[in-house]
Amino acid sequence: MKGGFNNSGDSANQLNTFVPSFSGWKDFADFFPEVVCVLDKEARFVSINREESTVWAYENADVAGTSMLQYIVEADRQETQQMLSAAKNSVLAIRFKNRFRRKDGSVKATLWSIQWNAVEEVFYAVAKDETEYPGAEERVLEYEHRLQGAYQLARLGWWTWNDRGEELDTAGALYELLGITKEQFPVFSTDTYLSLVHPDDLAFVQENVTLFCKEFSHRYRHHVIKPSGETIYVELQVHTMKDENNQVRKVFGTIKDITEKQQWEQQHSELGKKLQQANRDLLAALENMSDGFCTTDRDWTLTYMNHKAASMFGNVDKGDYIGKNLWDCFPESIGNKFYTEYHRAADENTFVLIEDYYPPLNIWFEVSVYPNPKGLSFFIKDISQRKQQEQELLQSNERFQLVMQATNEAIWDWNLTNQQVEWGKGFYTLFGYDTDKLKNDVSVIREYIHPEDRERVLSNLENVLSGTGLNWTNEFRFRKADQTYAYVVDNGLILRDEHQFPTRMVGAVKDVSDQKKQDRRLAFIAKATSEVI
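Figured I'd write up the structure that's included with this text. This is a predicted model, so every value here is computed, not measured. (Residues numbered from 1 in each chain as written. Predicted model: local features only at pLDDT ≥ 70, side-chain atom pairs only at ≥ 80, totals over all residues. Heavy atoms only, no water.)

On to the overall build of the protein chain, then. From N to C terminus, the protein chain includes 18 helices and 20 strands. The buried share among the 533 residues of the protein chain stands at 41%. Sequence-distant contacts, at least 24 apart, represent 42% of the contacts inside the protein chain between residues at least 6 apart. By element, 51% of the accessible surface of the protein chain is carried by carbon and sulfur atoms, the whole surface being about 30,600 Å². (Helix = DSSP H or I, 4+ residues; strand = E, 2+ residues; numbered from the N terminus. Buried < 20%, exposed > 50% of the residue type's maximum accessible area, 1.4 Å probe, protein only. Contact = heavy atoms within 4.5 Å. Areas by Shrake-Rupley, 256 points an atom, 1.4 Å probe, with all protein chains shown as cover.)

As structure tokens, this is what we get:
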């Protein structure tokens, strides 16, 4: 089909894949007086406008799917291949010349401008006939002017070097970027550039200069010191062209000031290091904590288990559990309190605290469950010892209650931490007080001691409590419910913590009023008898 784009077959499908799809693009391309085409990454023609039939005398069907290189004069193919490779490594369009063989066998000198699109993996190319195209030189100058403007906007310096000498051709924002002027450096050479390189980077740059003469494409970064004293960080991208004997004929490259980018990268690198260290610290804390800790995702897959949790669960291998479903690992929990409360935490997005016995491990667990957007976190404590102590305390309290009911003494239990006192039934049987109505604080002790005995008794009690003793005994008069006083002997046992601080005191009050009366009677008889004799 002569002229325009081929709208059928594979070529059309490829064109629709690679070429921008805005309305009228195909018709727009046909207005160009040059050959406009799209090449795939292997340089095969994907699409070409109608001008190719005029310039090269080929039809669309002749070149569709064929390699551009097969039409290039053999002596120019290697350099053309190098330029295509250079275009893939450049953000700018690459311009070069070669000789293109027409359908009739004649050769056209052709000026190419090729841009690589890394996203679509295609080349966009414009080919100009240098032998017949009118005003070609003027157009080239116009393009050069536009290219210089683009360099200035992008703050991108451009330079080329060839094997004819050490002087570099420069363009773009190179002088401005390096903080120099044409007056200072009318000739820009390799030595000129090296004089601006930071001393700490000079050996590195010289090594890279040697390296990019050996490699086709090379990129590196270093510091430059401007004549003003300002230090900047630059990135160079260099491409090398070689002849058939593998000798360097031309080197071209770009230079860009990336100081701000480097500062940003350094800041984020430092932040990244701090985050990594924080993650390591957190992981170490989780592994060394005294509680078990596990996490699951929202599908109940175990994502983490610390060392303590693995120990609680029978010294299991964490690797055998992580990545598996929680209920597959602990099937006995399905339907019990753990199962229902875990699901409630997930469904209601709320914190839950669970205490329950887990028969397979013979352990009482206390589990705090915290939901989060990604799943659940579990803090696990083995409270078996606490539960045993609670049971023992309950049994002890039951025995204590039985003792208080069976004895003929008034038993009292004083919690020195909260100053609460529990009164035994003896305070009713001996002294007439209704223990259900009796105040359960220590003020009762002070209030019911006879005023003449109070200071002595309380001072003695305070001295014993502030020391390290475990026993206390005192005799005093105690006011009964009928407002009379009974002579009593009070014996107390003091419980202390590991720091010898008193935490609890248990005592028994014995009514010795009858014994006191008997003692007074005997004393009276003894005195009377001695006077008679």
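In this section: the packing of aromatic side chains. The tally for this structure, following the rule as stated, stands at 33 aromatic pairs. Judged by centre distance (5.8 Å) and plane angle (45°), the ring pair of Tyr 321 and Phe 330 falls under tilted. Exposure class is identical for Tyr 321 and Phe 330. Each is buried. Linked through ring pairs, Trp 300, Phe 313, Tyr 321, Trp 327, Phe 330, Phe 338, Tyr 339, Tyr 342, Tyr 358, Phe 365 and Phe 378 together constitute an aromatic cluster. (Phe/Tyr/Trp six-rings, centres within 6.5 Å; stacked < 30°, edge-to-face > 60°.)

Once that is clear, we can look at the nonpolar core. The biggest cluster of nonpolar side chains holds 32 residues, and the ones touching the most others in it are Phe 45, Trp 56, Met 68, Trp 112 and Ile 114. Among the secondary structure elements, those contributing two or more residues to this core are β1 (35-40), β2 (45-48), α5 (74-88), β3 (94-101), β4 (107-117), β5 (122-129) and β6 (156-162). Looking at this core, the element that brings in the most residues is α5, giving 4 residues. Excluding its chain neighbours within four sequence positions, the residues that come into contact with Trp 56 are Val 35, Phe 45, Ile 48, Phe 100, Arg 102, Lys 103, Thr 110, Trp 112 and Ala 127. (Core = buried A, V, L, I, M, F, W, Y, C linked by side-chain atoms within 4.5 Å.)

A word on the sheet that holds β5. The 5 strands are arranged β2-β1-β5-β4-β3 in an open sheet whose pairing can be described as antiparallel. One side of each edge strand has no neighbouring strand; the edge strands of this open sheet are β2 and β3. Strand-to-strand, the axes of this sheet are offset by a mean angle of 30°, without reference to chain direction. In this sheet, β5 lies alongside β4 in antiparallel orientation, the contact comprising 8 bridges. (Pairing = 2+ DSSP bridges. Axes fitted to C-alpha atoms, helices over the stretch in contact; angles between N-to-C directions.)

Scanning all chains against the criterion turns up 22 salt bridges. Salt bridges sharing common partners tie together Glu 355, Glu 366, Arg 386 and Lys 387. (Salt bridge = Lys/Arg side-chain N within 4 Å of Asp/Glu carboxyl O.)

Turning next to the environment of Gln 385. Residue placement: Gln 385 occurs in helix α14 (residues 384-406). Separated by 22 residues in the primary sequence, Gln 385 and Ile 363 have C-alpha atoms spaced 9.3 Å apart.

As a further point, take the environment of Arg 221. If you trace the backbone, Arg 221 turns up in strand β8 (residues 217-225). When near neighbours in sequence (up to four residues on either side) are disregarded, Arg 221 contacts Phe 204, Tyr 233, Val 234, Glu 235, Ile 258, Lys 261 and Glu 265. For Arg 221, the side chain forms a polar contact with the side chain of Glu 235, separated by 2.9 Å. Polar contacts involving the side chain of Arg 221 include one to the side chain of Glu 265, which spans 3.2 Å. (Polar contact = N/O pair within 3.5 Å; in protein donor to acceptor, adjacent residues only side chain to side chain.)

A separate point is α5. Over its 15 residues, α5 runs 22 Å from end to end, which matches the ideal 21 Å to within 8%, given 1.5 Å per residue. Restricting attention to buried positions, one finds in α5 the residues Asp 76, Thr 80, Gln 82, Met 83, Leu 84, Ala 86 and Ala 87. Where α5 is buried, its residues contact β3, β4, β5, β9 (231-242) and β10 (248-257). (Expected span 1.5 Å × (residues − 1).)

What follows concerns the pairing of strand β15 (residues 375-382). Pairing analysis gives 6 bridges linking strand β11 (residues 292-297) to β15, with the strands arranged antiparallel. Residue pairing for β15: Phe 293 is matched across the bridge by Phe 379. Here strand β14 (residues 363-372) runs beside β15; their pairing, made up of 8 bridges, is antiparallel. Paired with Val 367 across the two strands is Ile 380, which belongs to β15.

What follows covers the side chain of Thr 110. Turning to its location among the elements, Thr 110 is positioned in strand β4. Assessed through its relative accessible area of 2%, Thr 110 is described here as buried. A polar atom in the side chain of Thr 110 sits 3.2 Å from the backbone oxygen of Lys 108.

Let us now look at the side chain of Arg 496. Within the fold, Arg 496 resides in strand β19 (residues 485-496). No salt bridge is formed by the buried Arg 496; the nearest opposite charge belongs to Asp 497, separated by 7.4 Å. Only 2.9 Å separates the side chain of Arg 496 from the backbone oxygen of Gly 469, close enough to count as a polar contact. For Arg 496, the contacting residues outside a window of four places in its chain are Val 464, Leu 465, Gly 467, Thr 468, Gly 469, Leu 470, Phe 501, Pro 502 and Thr 503. (Lys, Arg positive; Asp, Glu negative; His and termini not counted.)

Its 12 residues give helix α13 (residues 337-348) an end-to-end C-alpha distance of 16 Å, which sits within 8% of 16 Å, the value for a rise of 1.5 Å per residue. Listed as buried for α13 are Phe 338, Glu 341, Tyr 342, His 343, Ala 345 and Ala 346. Against the buried residues of α13 lie α12 (326-329), β13 (352-358), β14 and β15. Its side-chain oxygen 3.0 Å from the backbone nitrogen of Phe 338, Asn 336 forms the N-cap of α13. In the segment just after α13, Asn 349 is the residue with positive phi, at about 55°.

Moving on to the sheet that holds β19. A sheet is described by the order of its strands in space; here 5 strands give the open sequence β17-β16-β20-β19-β18, paired in antiparallel fashion. Of all strands in the sheet, those with a lone pairing partner are β17 (420-423) and β18 (471-479), marking the two edges. Ignoring which end each strand starts from, the neighbouring axes of this sheet average 25° apart. Where β18 meets β19, 9 bridges bridge the pair, whose relative direction is antiparallel. Across the sheet, the residue bridging to Glu 475 is Val 489, located in β19. Sheet strands in contact with helix α17 (residues 451-466) are β16 (410-415), β18, β19 and β20 (502-511), and its direction is about 160° off that of β18.

We now examine a nonpolar patch on the surface. A contiguous nonpolar surface patch, about 300 Å² in accessible area, is contributed by Phe 351, Leu 353 and Tyr 370. Position of Tyr 370 relative to the elements: it lies in strand β14. Classification of Tyr 370 by relative accessible area gives partly exposed; the value is 39%. (Patch = residues over 30% accessible without salt bridge, like charges linked within 9 Å, V, L, I, M, F, W, Y side chains within 5 Å.)

It is worth stressing that arrangement in space is one thing and function is another; only the former is reported here.
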